[in-house]
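Structure at a glance
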Amino acid sequence: MPTLPPVDDVYIALGTTIAVAGSQSAFRAVDYDAVMATARAARAAGATRCGVVSAMGANAHSRIFYNRVKGEVERDLRGLGFATLVIARPSLLIGDRRALQQAPRAGESLSIQLFKWLNPVLPANYRARPGADVGRALVHAVQSGPAGLHVLSGLALQPTV
């Protein structure tokens, strides 16, 4: 990771899937190694506040590889000494992946349609969220919230009206 110019805040929304990455090690290289390298470079450049997109179910002790990696990165980000660390844990992220030059994921469009239909009756923590809503909630929490560790899920990731 190159040296960054002086920064106050860092926002990290790096992530992939094992299917897109091609292997568990390639997935870990993005979802753990790249996230941690970015956070370390930002700390070295003076960042005191960090916002990161993780995932619902993140748990460093999970038997599920995806959730375990997300939990490990959350755990290790806590050790970097940010005065404020905000972790967003959305369920399914909705967005235009074509804009990222990603091919449509098998079953994803069906899942998104199902979530859109079920969203009104699902508990808030399980509702699919547009990536833009998650980003806005993360920026707001980092910039206006008190110092400390904050985990955003469910209602905290909905747009305020």
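Residues numbered from 1 in each chain as written. Predicted model: local features only at pLDDT ≥ 70, side-chain atom pairs only at ≥ 80, totals over all residues. Heavy atoms only, no water.

**Some words on the sheet that holds strand 1 (residues 9-12)**
To keep things clear, this is the line we draw: When DSSP locates at least two bridges between a pair of strands, those strands are taken to pair. A run of H or I in DSSP becomes a helix once it reaches four residues, and a run of E becomes a strand once it reaches two; helices and strands are each numbered from the N terminus. Note on definitions: angles span 0 to 180 degrees between N-to-C directions of axes, and those axes are lines fitted to C-alpha atoms, for helices only across the stretch in contact. What makes two residues a contact is simply this: any of their non-hydrogen atoms within 4.5 Å.
Strand order in this open sheet of 4 strands is 1-2-3-6, and the pairing throughout is parallel. In this open sheet, the two strands that pair with only one neighbour each are strand 1 and strand 6 (148-152). Recorded for the sheet is a direction-independent mean angle of 10° between the axes of neighbouring strands. Pairing analysis gives 4 bridges linking strand 1 to strand 2 (residues 49-53), with the strands arranged parallel. Bridge assignment links valine 10 to a residue of strand 2, and that residue is cysteine 50. Packing against the sheet, helix 2 (residues 24-44) makes contact with strand 1 and strand 2, and its axis sits at approximately 175° to strand 1. Where helix 3 (residues 65-78) meets the sheet, it contacts strand 2, strand 3 (84-88) and strand 6, and its direction lies at approximately 170° from that of strand 3.

**Topic: the environment of arginine 78**
Selection rule: The rule is simple: take the accessible area with a 1.4 Å probe, protein chains only, and divide by the maximum for that residue type; under 20% is buried, over 50% is exposed, in between is partly exposed.
Here arginine 78 is to be found in helix 3. Look at arginine 78 and you get partly exposed, because its relative accessible area is 41%. Along the primary structure arginine 78 and cysteine 50 are separated by 28 residues, whereas in three dimensions their C-alpha atoms are 10.0 Å apart. When neighbours within four sequence positions are excluded, arginine 78 is seen to be in contact with Leu85, Ile87, Arg89 and Leu149.

**Observations regarding the side chain of arginine 129**
So the rule is basically this: His is not counted, nor are the chain ends, whereas Lys and Arg count as positive and Asp and Glu as negative. A side-chain nitrogen of Lys or Arg and a carboxyl oxygen of Asp or Glu constitute a salt bridge if their distance falls within 4 Å.
Position of arginine 129 relative to the elements: it lies in strand 5 (residues 129-130). The buried charged residue arginine 129 lacks any salt bridge, with aspartate 133 as its nearest oppositely charged partner at 5.9 Å. Sequence-distant contacts of arginine 129, defined by excluding residues within four places in its chain, comprise Leu92, Leu93, Ile94, Ala124, Val134, Gly154, Leu157 and Gln158.

**Observations regarding the pairing of strand 2**
As a reminder, the rule being used: By convention a crossover is right-handed if, when the strands point away from the viewer, the path from the first strand over the helix to the second runs clockwise.
Taking burial as the measure, the 5 residues of strand 2 include 4 buried ones, the bulk of the element. Bridge analysis of strand 2 against strand 3 gives 5 bridges, and the strand direction is parallel. Looking at strand 3, one finds that arginine 49 is bridged to threonine 84. Taking the sense of rotation as the criterion, the β-α-β connection linking strand 2, helix 3 and strand 3 turns out right-handed.

**Looking at the packing of helix 2 against helix 3**
Where we set the bar: Between 65 and 115 degrees an angle is taken as roughly perpendicular, under 35 as roughly parallel, over 145 as roughly antiparallel, and anywhere else as oblique. Helix crossings get a hand from a simple test, with the near helix turned counterclockwise from the far one by less than a right angle marking a left-handed crossing and a clockwise turn marking a right-handed one. In this classification, Asp, Glu, Lys and Arg are treated as charged, Ala, Val, Leu, Ile, Met, Phe, Trp, Tyr, Cys and Pro as nonpolar, and every other residue, Gly included, as polar.
Between helix 2 and helix 3, the least distance of the axes is 10 Å, while the angle of their chain directions is 15°. Taken together, helix 2 and helix 3 sit at an angle that is classed as roughly parallel. With respect to the hand of their crossing, helix 2 and helix 3 are arranged in right-handed fashion. Of the residues in helix 3, those in contact with Gln24, Phe27, Arg28, Asp31, Tyr32, Val35, Met36 and Ala39 of helix 2 are Phe65, Tyr66, Val69, Lys70, Glu72, Val73, Asp76 and Leu77. Considered class by class, the residues forming the contact of helix 2 with helix 3 number 10 nonpolar, 1 polar and 5 charged.

Fair warning: the whole summary comes from geometry, so function is off the table for now.
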